[in-house]
Amino acid sequence: MENYLNENFGDVKGKNSSEEALQRWRKLCWLVKNPKRRFRFTANLPKRVEAEAIRRSNQEKFRVAVLVSQAALQFINGLNLSSEYIIPREVQDAGFGICAEELASIVEGRDVKKLKIHGDVEGIINKLATSVENGIPTSNKLLDQRKEIYGINKFAESPARGFWVFVWEALQDMTLMILAVCALVSLLVGITTKGWPNGAHDGLGIVASILLVVFVTATSDYKQSLQFKDLDREKKKITIQVTRNGFRQKISIYDLLPGDIVHLAIGDLVPADGLFVSGFSVSINESSLTGESEPVNVNSGNPFLLSGTKVQDGSCKMLVTTVGMRTQWGKLLATLSEGGDDETPLQVKLNGVATIIGKIGLYFAIVTFAVLVQGLFSRKLNEGSHWTWSGDDAMEILEFFAVAVTIVVVAVPEGLPLAVTLSLAFAMKKMMNDKALVRHLAACETMGSATTICSDKTGTLTTNHMTVVKACICGMIKEVGSSKETSSICSEIPRSGLNILLQSIFNNTGGEIVKNKDGKVEILGSPTETALLEFGLLLGGDFQSERQTSNIVKVEPFNSAKKRMAVLLELPGGGHRVHCKGASEIILAVCDKVIDSDGVIVALNEASRDHLMDTIEQFASEALRTLCLAYMEIENEFSSESPLPVEGYTCIGIVGIKDPVRPGVRESVAICRSAGITVRMVTGDNINTAKAIARECGILTSEGIAIEGPVFREKSEKELREIIPKLQVMARSSPMDKHNLVKHLRTTLQEVVAVTGDGTNDAPALHEADIGLAMGIAGTEVAKESADVIILDDNFSTIVTVAKWGRSVYINIQKFVQFQLTVNVVALVVNFSSACLTGNSPLTAVQLLWVNMIMDTLGALALATEPPNDELMKRLPVGRKGNFISNVMWRNILGQSVYQFAIIWFLQTRGKAFFNLGGTNSDLILNTIIFNSFVFCQVFNEISSREMEKVNVFKACRSGFFKNGSCGLKLSSWQSEWEGSDVVIYLNDFCLGFWQPSNFVLCFGDHSGQYMVTKEKCHGCHLGFWVG
């Protein structure tokens, strides 16, 4: 079976599956009882085609708009423009000078002419009653007024489906419809021949069973849909920095209004349509709207920013002009969302299993019906009544047909693919509590097979709470921390050196020091920038006065490929100065001068360079992150359009930043190792810093290899095949180094790879990996969008929790498959063999429907939603080529099937003699015993399925399976009266009290030893329920 599944259903991957693969498995699944239910959580391929057509149309429209705006720019400056725009009355009364439709047409159509008519960006700012410095006022009355005129930044969503929609979909099951027709015929024939109510029993029994199955199924599906709704809501929680009432603050993108001043940085998604106000080196990726992969430079000449695009480089302030469904992205998003997520590999495989079993079941159903009808004909032939047919004969044939149809109901395991979704939905909701947000269903199950985790260092293995603890300024190494140490630095460093250091810290930064709405000073920016700005404040610097003294002309933001950031300043006295900072050895390599202890600029000779390199090595060996700060004076004639110099800098100093290892990381790495998962650190830091942190975390062992990105790049394919299995640390890596490592691990070594990432440039590696893990705190929106799972607390221990949940999902589905296949095999063989050998079926249509409900819904609830345990992380991972239905599962399925069949067959052939049954009701009583025995076989089979390999299946039962309630529901359905017992046998939180050979009590209390059991309770724990 495994070979057949891999050959026909194995093309669908955890991510990036081809359209052909998605189409192929659908064609193979022709035997489906209820397509609406079976394919509910699969991709809607026709909708995707429709969405793609709309996207192409939009892309063409945008390309035309871009070309028109570019052409218009060449002629518009020399024209006298006149406005024919009339402000609507309600807009004017609200205090605004432009309506929402006019704003939308300007930005969406990139209409330069209209923008000029309204006074460019400054004119729009005034007409929206806002300001660049203060943003919009935040009084409730004014905000409500703005919402009324311009709308809110929310997109249209398909309405939530109510419970009765799921009931209607459950009724679409073809086999249930056929059974409903059988029930109707049975009612008509029965009432006609036997009268009311005796003739209605069989028909009403089938109707009641159908309704019970439908409502239990609909309830399960409805609750599942609510879980997905909650998860979708969590995925959409995105915050953005804005200025309101003069203060910087974070708000949800859904609270944005036209007039808001938004602060965008590299990696952000543009949250609404708007106009560029100010900024540096802004490059926007508009491929989601225009289809063009080339980034667009946005500046005062081309100020249009569109919702749904991504900031690829630079930073800027944006004026929000259009929100919600008035934006083109809002209109497009409504169509795109209808396509749904790709189905997961397990879903597809189980659809394959369901198809195979369904075909076998259909064959058995047809043969069973034929044998039963042939038996009836033979009996009538022997009796000589084959020419006379009564209503009872018609009812018997109808019952045979109902049994055949019900065999198909039981045999087509519709619940198998849905059990995957149920288990994933349960796991995803629980993982939210464990600080992991799963964006794609498949990631949850794929993580259970992970064999390698490539983790960032900063913020994942470390706390991301950075502070400068050491500094080498003007050649002098100083400790930083207490006020005494800081005052020592200020007194010993020459004034000229201190001034240039503070100018570098406060100007060459992606962070900011602002006052929040509570009036408190707040440092904004990445942890590295925050640490440097705090260091500057400790040295007595003033951020605002330093920024006002110099004029920033150009900014080259930090880039993980270049590992540096630079800024060009226009000095008050004339001239320009470039400040540069970044990876210590890279910045030091472009310096040819240094500031000495007297504040004098001297040539960087070999001795000075060796001293600085030794300082970097010393800081790195203490697990400190090192940064080098440098500057360069530039002549007046330098053009801001020219690239900033790459050499000839003067070294100001080196700082060592402490970022402690997170508590529990070493233990988590040890858990991964015992689980067969290799943890590799991939970082942009100095190799000595990386090695020190890796040893502290337990990642780097004596056999492991640590390598630098530039060295890794130069290796041949043959060398890489030898190095990568032992590679544990990669330092000074670029995003492409990480991408190449992931690619080699997946393709060459066939590893299942999970990768963490936080930056915009990590997107290719996140996309290439089997599971992309983005950081929720430090990660950019671009990285989160490319990821499969978002680690909300940026903690490595959470990644281990995700792996544990992934394994739990995989093993739970295996348990359910084992349970369901056993029931399928036994139900088919019992009915078929009985029909062939005795001429009748021991299990009626109503009984089989009841069993089907146990399997499809309650069985899935009990087995597919078991929480993970620590034992899961002591097994080796399944990997890329593991068999889903293992040899152990086949052993259990065949063993249980033989055992159950033996019991049922014994009861059917020897039951009357064994129980001393006689009289007219003996057949009815025997069939009742057979049915109850069959049901209890399934209940205890389900309990046995909790552990596929271990003998003790009751371990920790109170915290998992029996606490679920679904097993209790099944057992309590067959309770009977009993009297007290005087013996209790205890076994691992599970006690068994005997009273008579035919009665016993089950208790799930937390106690040991022997206790009295009476009719009311178990005296050991005062808990329990009983069966007889």
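Residues numbered from 1 in each chain as written. Predicted model: local features only at pLDDT ≥ 70, side-chain atom pairs only at ≥ 80, totals over all residues. Heavy atoms only, no water.

## A word on the side chain of N892
Secondary-structure assignment places N892 in helix 34 (residues 887-914). Assessed through its relative accessible area of 14%, N892 is described here as buried. Here the side chain of N892 touches Q818 through a polar contact of 3.1 Å, side chain to side chain. In this structure, N892 is in contact with Q818 and M948, ignoring residues within four places of it in sequence. (Helix = DSSP H or I, 4+ residues; strand = E, 2+ residues; numbered from the N terminus. Buried < 20%, exposed > 50% of the residue type's maximum accessible area, 1.4 Å probe, protein only. Polar contact = N/O pair within 3.5 Å; in protein donor to acceptor, adjacent residues only side chain to side chain. Contact = heavy atoms within 4.5 Å.)

## Let's talk about the state of the cysteines
Counted by the stated rule, this structure contains zero disulfides. C651 takes part in no disulfide bond, and the closest cysteine sulfur, belonging to C628, lies 3.9 Å away. By relative accessible area, C651 is classed as buried at 0%. (Disulfide = S-S within 2.5 Å.)

## Let's talk about the UniProt feature "transmembrane region" (unreviewed entry) in the chain
Under the present numbering, the feature "transmembrane region" (unreviewed entry) in UniProt falls on residues 174-191, 203-222, 356-377 and 397-427. Note that residues 203-222 is 100% helix and 0% strand, and that its end C-alpha atoms are spaced 28 Å apart. The span residues 356-377 is 100% helix and 0% strand, and its two end C-alpha atoms sit 32 Å from each other. (UniProt positions renumbered as here; feature names shortened; annotations may be inferred.)

## Some thoughts on the side chain of D268
As for its placement among the helices and strands, D268 is situated in the loop between strand 3 (261-264) and strand 4 (273-285). As a buried residue without a salt bridge, D268 has its nearest oppositely charged side chain in K784, at a separation of 8.1 Å. For D268, the side chain forms a polar contact with the main-chain nitrogen of A265, separated by 2.9 Å. Those residues in contact with D268, other than ones at most four positions away along the chain, are I240, H263, T309, K310, V311, E781 and V782. (Lys, Arg positive; Asp, Glu negative; His and termini not counted. Salt bridge = Lys/Arg side-chain N within 4 Å of Asp/Glu carboxyl O.)

## Structural notes on the pairing of strand 17 (residues 591-595)
A regular strand places its side chains on the two faces of the sheet in alternate fashion. As judged from the three bridges shared by strand 17 and strand 20 (residues 649-658), these two strands associate in the parallel manner. Looking at the pairing, K593 lines up with T650 of strand 20. Joining the antiparallel neighbours strand 17 and strand 18 (residues 601-603) is a turn of five residues, in which G599 adopts a positive phi near 85°. (Pairing = 2+ DSSP bridges.)

## Let's talk about helix 21 (residues 527-538)
Compared with an ideal rise of 1.5 Å per residue, which puts 12 residues at 16 Å, helix 21 spans 16 Å between its outermost C-alpha atoms and is within 8% of the ideal. Taken as a whole, helix 21 has its buried residues at T528, E529, T530, A531, L532, L533, F535 and G536. Once helix 21 ends, the next one or two residues include G540, with phi positive near 90°. (Expected span 1.5 Å × (residues − 1).)

## Some points on the environment of T219
Take T219: it is sitting in helix 12 (residues 201-235). When the C-alpha atoms of T219 and F163 are compared, they prove to be 7.3 Å apart, with 56 residues separating the residues in sequence. A polar contact is formed between the side chain of T219 and the backbone oxygen of F215, at a distance of 2.7 Å.

## Concerning helix 20 (residues 495-507)
The α-helix winds at 3.6 residues per turn, so residues separated by three or four positions along the chain end up facing the same way. Over its 13 residues, helix 20 runs 18 Å from end to end, which matches the ideal 18 Å to within 8%, given 1.5 Å per residue. Burial runs high along helix 20: 10 of the 13 residues are buried. Buried within helix 20 we find G497, L498, I500, L501, L502, Q503, S504, I505, F506 and N507.

## Brief notes about unusual backbone geometry
For A129, which is not glycine, the phi dihedral falls at a positive 55°. The topology assignment puts A129 in the loop between helix 8 (120-127) and helix 9 (140-150). Even without being a glycine, D794 presents a positive backbone phi close to 55°. Position of D794 relative to the elements: it lies in the loop between strand 26 (789-791) and helix 32 (796-838).

## Description of the nonpolar core
Core analysis: the biggest nonpolar cluster contains 96 residues, and M447, I771, V789, F796 and I813 have the highest contact counts within it. The residues contacting I813, other than those within four sequence positions of it, are L346, L350, A419, V420, S423 and F884. In terms of nonpolar packing, the next biggest core, distinct from the first, is built from 29 residues, V480, I500, I513 and F535 among them. (Core = buried A, V, L, I, M, F, W, Y, C linked by side-chain atoms within 4.5 Å.)

## Some words on the sheet that holds strand 9 (residues 452-455)
Each strand in a sheet pairs with another by means of backbone hydrogen bonds, the pair being arranged parallel or else antiparallel. With respect to topology, eight strands assemble into an open sheet ordered 8-26-25-24-9-21-23-22, the strand pairing being mixed. Every interior strand has two partners, whereas the edge strands, strand 8 (436-438) and strand 22 (705-708), have only one. Between one strand axis and the next, the sheet turns through 20° on average, direction left out of account. Relative to strand 25 (residues 771-775), strand 24 (residues 753-757) runs parallel, the two being bridged by four bridges. (Axes fitted to C-alpha atoms, helices over the stretch in contact; angles between N-to-C directions.)

## Details of the packing of aromatic side chains
All chains considered together, the criterion is met by 14 aromatic pairs. Taking the centre distance of 6.0 Å and the plane angle of 70° together, the rings of F426 and W805 count as edge-to-face. Placement of F426 in helix 17 (residues 415-433) and of W805 in helix 32 is noted, with a sequence separation of 379 residues between them. Among the residues examined, F426 registers a relative accessible area of 17% and is labelled buried. (Phe/Tyr/Trp six-rings, centres within 6.5 Å; stacked < 30°, edge-to-face > 60°.)

## Re the pattern of salt bridges
If charged atoms from side chains of opposite charge come close, those side chains can pair. Applying the stated criterion across every chain yields a total of 28 salt bridges. As a salt-bridge pair, K784 and E781 come within 3.4 Å of each other at their nearest N and O atoms. Of this pair, K784 and E781 both sit in helix 31 (residues 781-786), three residues apart, which is roughly one turn of the helix. Residue classification places E781 among the buried residues on the basis of a relative accessible area of 13%. Each of K457, R625 and D685 takes part in salt bridges that share partners, so that together they form one network.

## Brief notes about the packing of helix 34 against helix 35 (residues 922-944)
Geometrically, a packed helix pair is captured by the angle between its two axes and the distance between the axes. Axis separation between helix 34 and helix 35 bottoms out at 10 Å; the angle between their running directions is 165°. Classified by the interaxial angle, the pair formed by helix 34 and helix 35 is roughly antiparallel. The element helix 34 and its partner helix 35 pack so that their crossing is right-handed. Residues Q896, Y899, Q900, I903, I904, L907, Q908, G911 and K912 of helix 34 pack against S922, D923, L926, I929, I930, S933, F934, C937, Q938, N941 and S944 of helix 35. For the contact of helix 34 with helix 35, the per-class residue count stands at nine nonpolar, nine polar and two charged. (Parallel < 35°, antiparallel > 145°, perpendicular 65-115°, else oblique. Left-handed = near helix turned anticlockwise from the far one by under 90°. Nonpolar A, V, L, I, M, F, W, Y, C, P; charged D, E, K, R; others polar.)

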